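A structural walkthrough
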Amino acid sequence: MSYANTISAGCRTNFGIRKFASRRCLFLNNMVEFRSNGSSFPLWAIDASVIDVGKIEKCGEETDKNRFRWIKIGSDITKEQKEAISRLSPKLMNRCKALLEQIICYSSEKGELSALLSLWVRSMKPKRADWLAVLKELSKLDHPLYFEVVELALFEESFEANVRDYTKLIHGYAMQNRLQEAESALMAMKRRGFVCDQVTLTALVHMYSKAGNHKLAEDTFQAMKLLGTQLDKRSYGSMIMAYVRAGTLSQAESVLQEMEAEEVYAGREVYKALLRAYSMSGDYQGAQRVFDAIQLACIIPDPKMCALLLNAYVTGGQSHEAFLAFHNITIAGLNPNDKCVALLLSVYEKENKLNEALEFLIGLESEGIMLGKEASEILARWFKRLGVVEEVELLLREYQPYHDDPRLFRICSGRRGAATGAFG
């Protein structure tokens, strides 16, 4: 039975406004005592029955004075509103388009947003598909009222809310670092009798991780394991990212090994994040382990991953191993990018090995690897400091391919114009 059919015609407007306002207030209820930054246990573990609903009952008392006035949208709207309306899908049902136009052109002077939705429910008797179509368009528009409309919709019978709807809301708030709103949505979900499943808990791990609350992320992850179901790569990946953000890389790698034992492999970005963390700290052994794990997961390392591995060796002071790693990368058929070349040239410069650097450049040319901006700038700086521009040009003139490379020729040329272009 729809919400519109449960009330008499004489009291629909007032009751509907109160109903929506009360439900909206559930999300805005003071949740300070349950917030994660002051709790020693995850918010999902709180019994929602302890919430004081006295405050909620008062929220609809003064909404009658703000009844919504449904005014037909004309030409007297802003340019931005016209643009937003023009972007609506032409496949929308008229009842959905009508509501979206009202939301896009909404102002508080017209009345409460809850009253607008209440009026739409009574008039159009929408189904879940209509609600989802409206929310999809608001999401595409990145409309500022999107979350408020979702909150109100969740308590409407015709929306037929389920646990996944709440999960999406929590995840959406978490992506915007709106932790308090996410926590309020979680408590509202529990009060409706929905139980946190693996997908919801994964969203919470991600939320706590982004908020820097490593302990709650870890506790929530352990709760997922107790569900007795096989964790997927998103659940594992969320916990790995939490450990990476916390700087506990050994624990992140431990979770990585645990999931690999279950023959579950993380996504490319999770591997890259862990590799980057090892690389920036100069832990070349950890970086090499992750790089090997990437290949075992049947993921082809991209040039950025190769650069992160080389950077780990260079930062860790292992120049010889850096060259071996570069050699192995090229043998494996991977294409090192300009950052990789620049890293090795920086090692040659630091160790003042000009002849070896030139041999390295000649080897790159034979393999069809061209110099980019960063590597060229390192060479230009180095040659200028040594004052050997003309000598290097004479040496490289023996290798005809270098004449065909305008970037290298510009760097090594002793002519005034070329030198000016390379060294400024």
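About the criteria used
Residues numbered from 1 in each chain as written. Predicted model: local features only at pLDDT ≥ 70, side-chain atom pairs only at ≥ 80, totals over all residues. Heavy atoms only, no water. Salt bridge = Lys/Arg side-chain N within 4 Å of Asp/Glu carboxyl O. Helix = DSSP H or I, 4+ residues; strand = E, 2+ residues; numbered from the N terminus. Buried < 20%, exposed > 50% of the residue type's maximum accessible area, 1.4 Å probe, protein only. UniProt positions renumbered as here; feature names shortened; annotations may be inferred. pLDDT = per-residue confidence, 0-100. Contact = heavy atoms within 4.5 Å.

As annotated in an unreviewed UniProt entry, the protein carries the name PROP1-like PPR domain-containing protein and is attributed to Lithospermum erythrorhizon.

Summed over the entire model, instances satisfying the criterion amount to 14 salt bridges. Note that Glu349 and Arg381 form a salt bridge whose closest N and O atoms lie 2.9 Å from each other. Of this pair, Glu349 sits in helix H18 (residues 338–350) while Arg381 is found in helix H20 (residues 373–386), placing the two residues 32 residues apart along the sequence. Taking the relative accessible area as the measure of exposure, Glu349 reaches 14% and is therefore buried. Salt-bridge contacts for Arg385 lead to Glu349; the nearest nitrogen and oxygen are separated by 3.8 Å. You can see Arg385 sitting in helix H20 and its partner Glu349 sitting in helix H18, a full 36 residues away along the chain. Here the salt bridges do not stand alone but share partners, grouping Arg268, Lys272 and Asp302 into one network.

Before going further, it helps to examine the UniProt feature "repeat: PPR" (unreviewed entry) in the protein. In the numbering adopted here, UniProt assigns the feature "repeat: PPR" (unreviewed entry) to residues 162–196, 197–231 and 232–266. Helix makes up 74% of residues 162–196 and strand 0%, with an end-to-end C-alpha separation of 11 Å. Along residues 197–231, the helical share is 74% and the strand share 0%, with 11 Å between the first and last C-alpha atoms.

This part takes up the confidence of the model for the protein. Averaged over every residue, the pLDDT of the protein is 80; residues scoring 70 or more account for 76%. Within the protein, helix H2 (residues 54–57) has the poorest average pLDDT of any element, 32, and helix H6 (residues 128–141) the best, 97. Overall, residues 1–40 carries pLDDT values under 50, and its contacts beyond four positions in sequence, including any with other chains, amount to 84 contacts. Residue range residues 399–424 is modelled with pLDDT below 50. Its contacts to residues more than four positions away, or to other chains, number 49 contacts.

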